[in-house]
Amino acid sequence: MKKIIITALITAVLVVTGMFMGLFSLLGANEANVAQIGRLVTTMLFIENKYVDEVPLEKLVDGAIDGMTRALGDKHSIYMDDEKFKQLMQQTEGAFGGIGVVMGFPEPGHCEIMSVMEDTPSSAAGLLEKDEIIRIDGEDVSAMQPEEMAGKVRGEEGTQVVLTIRRQGQEDFDVTITRAVIQLTTAKGIMVDNTKIGYIRVASFSENTGKEFQKELASLKEQGMEGLIVDLRANPGGLITSCVEISNQLIPAGEIVSMVDRDGHRTVYNSELAGFDYPLVVLIDGNSASASEILAGAVQDRQCGTIVGTKSFGKGSVQTMLPLTHGDGLKLTVARYYTPSGRSIDGTGIEPDVEVELPEGAVQDVQLLKAVEVMKEKLGQ
């Protein structure tokens, strides 16, 4: 009887596999691809029907998609379940459930707090810049990808997360924080004290960043700005469309960035700005990535400003989002971008025109002070 059941199961699997193979053949897949798809279907059905415990097919499909993206060996291509995908979409919209920190990832498996937002759960809990998050809800972060760490810190308003913090000179300790809705203002400007120099900090590139930047820039002009510093430090990137919107406010007409896909197709983004009437300085550091590097690279290549700080992160690839049918989604690298001079900075980053390290434990922002000094030279002061 056991042999009959096994034989019937194998026959059923082969029949279903044959049907899939026939379907994919009709859709134009070549013989080798059809064979590989058959392997996948056969394995899923065999596990679903014979594994010692009952397992939902949806769970197997999720695991297969996750495994496929991990097999690419690209840390920027990831599969996200419905909760993680929702959180990512909320972040690009400029509001999300979280604790109010900007996280940096100086090396794989490490998560450092780059800044703490005012009047948020993280500031109330006493978190500080340079704190290292080593566990999230008791789970070691060393094997997590950056998006996974960020996803575990974020969550629904009113829920709690326990962070294990490593702080220099202290023993590791736990902090329990209740999440809140974080309204993220991504661009904020001020006039530098006792100067005619405007300063705009861009924290990330979300849907509203271009409009926020435009509003802040107009305000600084009304206040008599004579030169502009744009701070992209610890800016992890975001939407290329927002980056292009800001570039159109700073960079004279011409190329901003180009993207090249697997087939060699080149998409070029251009500025239509007649001209920017102010000297420009851009601040970057090792956590300035992706869209931040696009903007800094365009400024540098087009020679319309000076880059100050330290070498940027070096993320020169472009990702697109694919929503799937169960609220989950895929973030996949689909192209690499190139600066106007044709540079690919993937893995290398952008070298600043004026290099300034920020010393450990510095009591002054020496990078910003250097940017102000460079600007004063441009203004002849």
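Residues numbered from 1 in each chain as written. Predicted model: local features only at pLDDT ≥ 70, side-chain atom pairs only at ≥ 80, totals over all residues. Heavy atoms only, no water.

## Concerning the confidence of the model for the protein
The pLDDT averaged across the protein works out to 86; a share of 89% of its residues lies at or above 70. Across the protein, element-level confidence peaks in strand β16 (residues 306-309) with a mean pLDDT of 98 and bottoms out in helix α1 (residues 2-26) with 54. (pLDDT = per-residue confidence, 0-100. Helix = DSSP H or I, 4+ residues; strand = E, 2+ residues; numbered from the N terminus.)

## Digging into the nonpolar core
Of all hydrophobic cores here, the largest spans 39 residues; its most connected members are Phe 213, Leu 228, Val 230, Leu 250, Val 282 and Leu 295. For Leu 295, the contacting residues outside a window of four places in its chain are Phe 205, Leu 232, Cys 243, Ile 246, Ser 247, Leu 250 and Ile 251. Membership of the second largest hydrophobic core comes to 19 residues, among which are Ile 136, Val 153, Val 161 and Leu 163. (Core = buried A, V, L, I, M, F, W, Y, C linked by side-chain atoms within 4.5 Å. Buried < 20%, exposed > 50% of the residue type's maximum accessible area, 1.4 Å probe, protein only. Contact = heavy atoms within 4.5 Å.)

## Focus: the pattern of salt bridges
Counted under the stated rule, the structure contains twelve salt bridges. Glu 255 is the salt-bridge partner of Arg 266, the closest N and O atoms lying 3.2 Å from each other. Of this pair, Arg 266 sits in strand β14 (residues 266-271) while Glu 255 sits in strand β13 (residues 254-261), placing them eleven residues apart in sequence. For Arg 266, a relative accessible area of 45% corresponds to the partly exposed category. A relative accessible area of 18% places Glu 255 in the buried class. We note a salt bridge from Arg 343 to Asp 301, for which the minimum N-O separation is 2.7 Å. (Salt bridge = Lys/Arg side-chain N within 4 Å of Asp/Glu carboxyl O.)

## Description of a nonpolar patch on the surface
On the surface, Ile 47, Tyr 51 and Val 52 cluster together into a nonpolar patch covering about 320 Å² of accessible area. You can see Val 52 is positioned in the loop between α2 (31-50) and α3 (57-71). (Patch = residues over 30% accessible without salt bridge, like charges linked within 9 Å, V, L, I, M, F, W, Y side chains within 5 Å. Areas by Shrake-Rupley, 256 points an atom, 1.4 Å probe, with all protein chains shown as cover.)

## Observations concerning the environment of Asn 208
Turning to its location among the elements, Asn 208 is positioned in the loop between β11 (197-202) and α7 (209-222). The sequence separation of Asn 208 and Ser 242 amounts to 34 residues, and the corresponding C-alpha distance is 7.5 Å.

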